[in-house]
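# Summary of the model geometry
Each chain is listed here by its residues.
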Amino acid sequence: STANAPEDDAPNRYSRTERTTYSRYSRDANSSGSSLPSNTLEKRIEELERELAKERQENARLIKMAQDKEELIGKLKEEIDLLNR
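Residue indices follow the written sequence of each chain, beginning from 1 at its first position. Local features are withheld for residues below a pLDDT of 70 in this predicted model, meaning they are given only at 70 or higher, and side-chain atom pairs are given and counted only at 80 or more; totals for whole chains, interfaces and linings count all residues. Each side-chain value is worked out from all heavy atoms of the structure, with water and hydrogens disregarded.

Moving on: the overall build of the protein. Counting from the N terminus, the helices are DSSP H or I runs at least four residues long and the strands are E runs at least two residues long. A tally of helices and strands in the protein yields two helices and zero strands. Each residue is placed in one exposure class: buried if its accessible area under a 1.4 Å probe, protein chains only, is under 20% of its type's maximum, exposed if it is over 50%, and partly exposed if it falls in between. For the protein, the residues scored as buried account for 7% of the 85 residues in total. Within the structure as shown, the protein displays about 7300 Å² of accessible surface, and the carbon and sulfur contribution to it stands at 52%. Per-residue and other accessible areas follow the Shrake-Rupley method at a 1.4 Å probe size, with only the shown protein chains counted as cover for residues.

Below, the structure written as structure tokens:
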């Protein structure tokens, strides 16, 4: 059950990251001394959002892989116990 704890925390972690990223770019776009035009910042945000989506997908894949391996380990332990009896 402890293997599921990081998974439960993942959505909260991502939403904080998104908020932090968004607020940072919003401040940059609203500051009078900003050297980048707002459309450049919007493109950068879109690029980062695509990258974040890819990373989330990879993270979900790795979590699933880890769960599958934990399940296999459990089954193999049960089989070892049966063979030892």
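Moving on: helix H2 (residues 38–84). Compared with an ideal rise of 1.5 Å per residue, which puts 47 residues at 69 Å, H2 spans 68 Å between its outermost C-alpha atoms and is within 8% of the ideal. Every buried residue of H2 is listed here: Leu41, Ile45 and Leu52. To estimate the expected span of a helix, subtract one from its residue number and multiply by 1.5 Å.

Looking at the protein, pLDDT values average 79 and 60% of them are 70 or higher. Contacts for the low-pLDDT stretch residues 1–7, under 50 throughout, to residues beyond four places or in other chains number three contacts. pLDDT: the predictor's confidence for each residue, scored from 0 to 100. Residues count as neighbours in contact if any of their non-hydrogen atoms are within 4.5 Å of one another.

Let us now look at the environment of Glu58. One can find Glu58 in helix H2. Within the structure, Glu58 has its side chain in polar contact with the side chain of Arg61 (distance 2.8 Å). By the criterion applied in these results, polar contacts are pairs of N or O atoms within 3.5 Å in which, for protein atoms, one can donate a hydrogen and the other can accept it, and in which residues neighboring in sequence qualify only through two side-chain atoms.

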